[in-house]
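Listed below are the residues making up each chain.
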Amino acid sequence: RGNGFENGQANLLHSGSESAESSGTEPSGIEANSAEAALEKQYREQLGNTHEPIFALYASGKFKYTSDNFCELVKKDCDSLNGKLFYNFINSKDLPNLISALTEILSGKAEKHVIGPFRMLQGKQEIVVMFTALPIKESKDEENIIFSVKDITEQVEDLDHIDNSTGGTVPENSEERL
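Please read all numbers here as calculations on a predicted model, not as lab measurements.

About the cut-offs
- Residues numbered from 1 in each chain as written.
- Predicted model: local features only at pLDDT ≥ 70, side-chain atom pairs only at ≥ 80, totals over all residues.
- Heavy atoms only, no water.
- Helix = DSSP H or I, 4+ residues; strand = E, 2+ residues; numbered from the N terminus.
- Buried < 20%, exposed > 50% of the residue type's maximum accessible area, 1.4 Å probe, protein only.
- Areas by Shrake-Rupley, 256 points an atom, 1.4 Å probe, with all protein chains shown as cover.
- Disulfide = S-S within 2.5 Å.
- Pairing = 2+ DSSP bridges.
- Axes fitted to C-alpha atoms, helices over the stretch in contact; angles between N-to-C directions.
- Contact = heavy atoms within 4.5 Å.
- Core = buried A, V, L, I, M, F, W, Y, C linked by side-chain atoms within 4.5 Å.
- Salt bridge = Lys/Arg side-chain N within 4 Å of Asp/Glu carboxyl O.

A few points about the overall build of the chain
From N to C terminus, the chain includes 5 helices and 7 strands. The helix and strand sequence of the chain, counted from the amino end, reads β-β-α-β-β-α-α-α-β-β-β-α. Burial statistics for the chain: of 178 residues in total, 39% are counted as buried. Within the structure as shown, the chain displays about 10700 Å² of accessible surface, and the carbon and sulfur contribution to it stands at 47%.

Listed below in structure tokens is the structure:
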């Protein structure tokens, strides 16, 4: 299994278990909290000290880590996301573009990459997001991807409002263009 990237193809759609995904032992609550805080600090630093919601995926597409503000964004309990497929949160029409972008990242064709926009579930509604994605080598056999999330729903709605109020076009010499 390795890092989920064999023979030039990323293991992004297959939800087979990764060795790192099921270590079998659970740390105590205090150890888990301090380990989780250290992991979040490390991931945030690698993503440029972002304050945006962040999460990490195994190459299989399952959640490895979710920050509290990511869980708030998607309106889910963080514990309920652990080991679940991330792709279930993405609109199925956006999946081909997301998987293509993640394949490029895992193949080394792109390092830190801004990808999107994608429609993502927020509870029972959808939001529009952009991701900054970065591959990270966790160990010799494990490469994962960490993400920061930028919710751009309001900006998209503002653009839709402008588009709808002008019949799809903005007048050429309009103040709205400036």
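Side note on the state of the cysteines
A complete count under the given rule lists 1 disulfide for this structure. A sulfur-sulfur distance of 2.0 Å marks the disulfide that ties Cys71 to Cys78. What sets the handedness of the Cys71 and Cys78 disulfide is the S-S torsion sign, and at about 125 degrees it is right-handed. Like Cys71, the residue Cys78 is buried in the burial classification.

A short note on the environment of Ser60
Following the sequence through the fold, Ser60 ends up in the loop between β3 (54–57) and β4 (63–66). Considered as a pair, Ser60 and Phe86 are 26 residues apart in the sequence and their alpha carbons are 9.5 Å apart.

Digging into the sheet that holds strand β5 (residues 113–122)
With antiparallel pairing, 5 strands are arranged side by side in an open sheet as β4-β3-β7-β6-β5. At either margin of the open sheet sits one strand with a lone partner, and together these are β4 and β5. On average, each strand axis in the sheet is inclined to that of its neighbour by 30 degrees, with strand direction left out of account. Across 3 bridges, the pairing between β3 and β4 is antiparallel. For Phe55, the partnering residue across the bridge sits in β4 and is Thr66. Of the strands in this sheet, β5, β6 (125–139) and β7 (142–151) touch helix α4 (residues 95–106), which is tilted by about 140 degrees from β5.

Some details on the nonpolar core
Residues Phe55, Phe86, Leu98, Met120 and Phe131 are the most contacted members of the largest nonpolar core, which totals 31 residues. Elements with a minimum of two residues in this core: β3, α2 (68–74), α3 (78–81), α4, β5, β6 and β7. With 7 residues, α4 is the largest single contributor of residues to this core. By size, the runner-up hydrophobic cluster in this structure holds 8 residues, among which are Tyr43, Tyr65, Leu134 and Ile146.

Regarding the pattern of salt bridges
Under the criterion given, the structure shown has 5 salt bridges. Here Glu40 makes a salt bridge to Arg44, at a shortest N to O gap of 2.8 Å. Placement of both Glu40 and Arg44 in helix α1 (residues 29–46) is noted, with a separation of 4 residues, approximately one turn of the helix. Under the relative-accessibility criterion, Glu40 is labelled partly exposed at 23%. Judged by its relative accessible area of 13%, Arg44 is buried. Salt-bridge contacts for Lys41 lead to Glu45; the nearest nitrogen and oxygen are separated by 3.1 Å. Taken together, the positions of Lys41 and Glu45, both in helix α1 and 4 residues apart, correspond to about one turn of that helix.

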